[in-house]
Amino acid sequence: MSSGDSNPAATPTPCVDIQGDGRWMSLHNHFVSNSKDKEPDVLFVGDSLVQLLHQFEVWRELFSPLHALNFGVGGDETQHVLWRLSNGELAHISPKVVVLWVGTHNHGHTAEQICGGIMAIVQLIKDKLPKAYTLVLGVLPRGKMPNPLRERNAQVNKLVKDAVSSLPHASLLNVDPGFVHSDGSISHQDLYDFLHLTPQGYQAVCQPLHAHLKGLLEKQAEN
Amino acid sequence: MTDIPRLTSAVASCLRIAISWMSGDEMNPAAVAQAVEDIQGDDRWMSQIWRELFSPLHALNFGIGGDTTCNVLWRLQNGELDNIGPKVTVVWVGTNNHEHSAEQVAGGILAIAQLLTSRLPKTKVVVLGLLARGEWPNPLREKNVAVNSFLRSWLPRLGHTQFLDVGAGFVHSDETISTRDMFDFLHLTAAGYRAIAKPLIDLLLQILEETPEEKRASLV
């Protein structure tokens, strides 16, 4: 765990309740207890992009039929997801595929640190669920026009892709269908606040994701 | 360059302190207009519900996630009211004002209502009460109840403004809030939005039917 000591993005850390209503811990406890009577084939885990997906029709259309559970929490950074998965959220389930989508909210961390955080989660999943496949989703571009966070996210994706290339149990899937237009802008019709997906945006991301997931599940069934 | 609500509100509070010092009088920080850096766009993530329930009323949505009363004031003072003449304006803000007391938050909402009635003489203002939040009882629930209580007594003194509480039923008898209504114990699910839409739309239709233009048109 030596890399965890020096990389805050890879050190399991619960979210501190700054606001005063304990919602983060409530959600974590819900995920742990909800998982006790479920047998998901697919687990989605990550930040607001995962959490909000659960609120849209597309979840019911594409992912409920795959017996998917959703452990997304808005605002979560890699170290928060790492803490949640280390503290009960994987204790009662054996999904065949874990879809991991996190990293865009890791403000103040470098691309290398964020990659380290994502890879720490990949390793943790391997330790707790030796038979599961981890599908890491590429972090999306953000902001209306080009900005440093877009560059950081692109670099995270590149580093993660390299890191998982040698692993048989994980891969990176780029789910950006081309949100950045030729003039460098992102449309609010795809990302309504230039960060979060509209229903249209989710459709564009989820159709190929769904196809890829089905392929992975079929392969897992063969093994 | 960042768009975390937490960081920007820290910047905003420094600016607010600076403004208070400079102006020399005791201001309510929740009623000081303050822009949020770098956030543009509108919070249309529930656009399917919007289309179903509110588009038929010819409604515009100028909501931004994370906004405080200060941010809304800034936006309204900086162009958002320039080109429109709505018959009704619905205001729903205050739950994110983490650095302000209940009284300050209510004062900020009052300042918004005052701004609206002065800038848009034809509009009727409907202020929605703040909802309960958090899975279990907690200080923020108490704070939001206190804000609503201030609003109930202050708003009737403003002309053309009324308060509507849409929070009934979200807190169950065991004092919990369900993720079926608020998926993160703060933001409404589709089911939660449908529940608040009923009393709101009833009131909106009532107000729209009462507007003088309608009456004049029907006399012709």
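Residues numbered from 1 in each chain as written. Chains lettered and ligands numbered in written order. Predicted model: local features only at pLDDT ≥ 70, side-chain atom pairs only at ≥ 80, totals over all residues. Heavy atoms only, no water.

**A look at helix α5 (residues 139–154) of chain B**
Residues spaced three or four apart along an α-helix face the same direction, because each turn holds 3.6 residues. All names here are of chain B. Put simply, the rule is: Under the DSSP-based scheme used, a helix requires at least four consecutive residues in state H or I and a strand at least two consecutive residues in state E, with every element numbered from the N terminus. One less than the residue count of a helix, multiplied by 1.5 Å, gives the span that helix is expected to have. Burial classes follow relative accessibility: with a 1.4 Å probe on protein chains only, a residue under 20% of its type's maximum area counts as buried, one over 50% as exposed, and anything between as partly exposed. The arc in question is the one traced by the directions running from the helix axis out to the C-beta atoms. Whether two residues are in contact is decided by their heavy atoms, any of which lying within 4.5 Å being enough. We call two N or O atoms a polar contact when they sit within 3.5 Å, provided that within protein one can donate a hydrogen and the other can accept it, with sequence-adjacent residues counted only if both atoms are side-chain atoms.
If you check α5, its first and last C-alpha atoms are 23 Å apart, about what 16 residues at 1.5 Å a residue would give, namely 22 Å. Along α5, the positions that sit buried rather than exposed are L140, R141, K143, N144, V147, N148 and L151. Looking down the long axis of α5, one finds its buried residues gathered within 160 degrees of arc, a one-sided arrangement. Projecting away from the buried face of α5 at angles above 90 degrees are the exposed residues P139, E142 and V145. Buried positions along α5 lie against α4 (102–119), β2 (124–128) and β3 (161–164). You can read the cap of α5 off the contacts: a side-chain oxygen lies 2.9 Å from the backbone nitrogen of L140, and it is on N138.

**Quick notes on the pairing of strand β2 (residues 68–72) of chain A**
Residue and element names in this part refer to chain A. What counts is decided by this rule: Pairing between strands is defined by DSSP: at least two bridges between the two strands are required.
In terms of burial, β2 is a largely internal element, five of the five residues being buried. Every second residue of β2 is oriented toward a common face, with A68, N70 and G72 on one face and L69 and F71 on the other, all of them buried. Examined bridge by bridge, strand β1 (residues 42–46) and β2 share five bridges and lie parallel to one another. Directly across from V42, in β2, lies its bridge partner A68.

**Section: the UniProt feature "domain: SGNH hydrolase-type esterase" (unreviewed entry) in chain A**
Going by this rule: UniProt positions are given in the numbering used here, feature names are shortened, and annotations may be inferred rather than shown by experiment.
Those residues carrying the UniProt feature "domain: SGNH hydrolase-type esterase" (unreviewed entry) are residues 44–204 of chain A in this numbering. Helix makes up 41% of residues 44–204 of chain A and strand 14%, and the two end C-alpha atoms of the span are 18 Å apart.

**Remarks on a nonpolar patch on the surface**
Residue and element names in this part refer to chain B. Our working definition: In this scheme, patches are assembled from residues that exceed 30% relative accessible area and form no salt bridge. Like charges are connected within 9 Å, while nonpolar side chains (Val, Leu, Ile, Met, Phe, Trp, Tyr) are connected within 5 Å. All accessibility values rest on the Shrake-Rupley procedure with a 1.4 Å probe; residue burial counts only the protein chains present in the view. A side-chain nitrogen of Lys or Arg and a carboxyl oxygen of Asp or Glu constitute a salt bridge if their distance falls within 4 Å.
Together, L60, F62 and I84 make up a nonpolar patch on the protein surface, roughly 260 Å² of accessible area in all. Its place among the elements puts F62 in the loop between α2 (47–53) and α3 (69–80). Classification of F62 as partly exposed rests on a relative accessible area of 36%.

**A short note on the environment of D176 of chain A**
Residue and element names in this part refer to chain A. Mapping D176 onto the fold places it in the loop between β5 (170–173) and α8 (199–222). Sequence separation of D176 and L137 is 39 residues, and the distance between their C-alpha atoms is 9.3 Å. Every residue in contact with D176, bar those within four places of it in the chain, is listed here: L140 and P141. A polar atom in the side chain of D176 sits 2.9 Å from the backbone nitrogen of F179.

**Some words on α4 of chain B**
Residues and elements named next belong to chain B. The end-to-end C-alpha distance of α4 is 26 Å, a good match for the 26 Å that 18 residues give at a rise of 1.5 Å each. If you check which residues of α4 are buried, you get A102, V105, A106, G107, G108, I109, L110, A111, I112, A113, L115 and L116. Those residues of α4 hidden inside the fold are in contact with α3, β1 (88–91), β2, α5 and β3.

**Quick look at the side chain of S187 of chain A**
Residue and element names in this part refer to chain A. With respect to the helices and strands, S187 occurs in the loop between β5 and α8. Among the polar contacts listed, one links the side chain of S187 to the backbone nitrogen of Q189, at a separation of 2.9 Å. Every residue in contact with S187, bar those within four places of it in the chain, is listed here: F179, H181 and F194.

**Focus: the pairing of β1 of chain B**
When β1 of chain B meets β2 of chain B, the two strands line up parallel, connected through four bridges. Considered in β2 of chain B, the bridge of V88 of chain B is made with K124 of chain B.

**Focus: the environment of P86 of chain B**
Residue and element names in this part refer to chain B. Following the sequence through the fold, P86 ends up in the loop between α3 and β1. P86 gets classed as partly exposed once you look at its relative accessible area, which sits at 24%. The spatial distance from the C-alpha of P86 to the C-alpha of P121 is 9.6 Å, given a sequence separation of 35 residues. Apart from the residues within four sequence positions on either side, P86 is in contact with L120, K122 and T123.

**Things to note about the nonpolar core**
Filter applied, for reference: The set of buried Ala, Val, Leu, Ile, Met, Phe, Trp, Tyr and Cys residues whose side-chain atoms join them within 4.5 Å is what this entry labels a nonpolar core.
Formed by 57 residues in total, the largest nonpolar core has its most connected members in L85, L100, I118, I121 and V160 of chain A together with V126 of chain B. Top element by residues in this core is helix α6 (residues 111–128) of chain A. It accounts for nine residues. Sequence-distant contacts of V160 of chain A, that is, excluding residues within four places in its chain, are made with C115, I118, M119, V136 and L172 of chain A. By size, the runner-up hydrophobic cluster in this structure holds 36 residues, among which are L52, V58, W59 and L191 of chain A.

**With respect to the sheet that holds β1 of chain B**
All names here are of chain B. Which entries qualify depends on this criterion: Axis angles are defined between N-to-C directions and span 0 to 180 degrees, where every axis is a line fitted to C-alpha atoms and, for a helix, only to the segment in contact.
Spatially, three strands are ordered β1-β2-β3 in an open sheet, and the strand pairing comes out parallel. Two strands in the sheet have a free side with no partner beyond their single neighbour: β1 and β3. In this sheet, neighbouring strand axes are inclined to one another by 20 degrees on average, regardless of whether the strands run parallel or antiparallel.

**Thoughts on the pattern of salt bridges**
Taken as a whole, this structure holds 15 salt bridges over all chains when the rule is applied. The shortest N-O distance in the salt bridge between D76 of chain A and R84 of chain A comes to 2.8 Å. This pair shows no difference in class: D76 of chain A is buried, exactly as R84 of chain A is. When the shortest N-O distance is used, the salt bridge between E80 of chain B and R75 of chain B registers 2.8 Å. Of the residues examined, E80 of chain B reaches a relative accessible area of 24% and is grouped as partly exposed. Taken together, the salt bridges that share partners define one network made up of D21 and R23 of chain A together with R133 and D184 of chain B.

**Notes on the packing of α6 of chain A against helix α7 (residues 148–164) of chain A**
All names here are of chain A. Which entries qualify depends on this criterion: If an angle is under 35 degrees, it is roughly parallel; if it is over 145, roughly antiparallel; if it lies from 65 to 115, roughly perpendicular; otherwise it is oblique. Crossing chirality is assigned from the near helix's rotation relative to the far helix, an anticlockwise turn below a right angle marking it left-handed and a clockwise turn marking it right-handed. Classification used: nonpolar for Ala, Val, Leu, Ile, Met, Phe, Trp, Tyr, Cys and Pro, charged for Asp, Glu, Lys and Arg, polar for all others including Gly.
Here α6 crosses α7 at 45 degrees, and the two axes come no closer than 9 Å. As summarised for this structure, α6 and α7 are arranged oblique, according to the angle between their axes. Classified by chirality, the crossing of α7 by α6 is right-handed. Residue-level contacts link A111, E112, I114, C115, I118 and M119 of α6 to R152, Q155, V156, L159, V160, A163 and V164 of α7. Residue composition of the contact of α6 with α7, by class: ten nonpolar, one polar and two charged.

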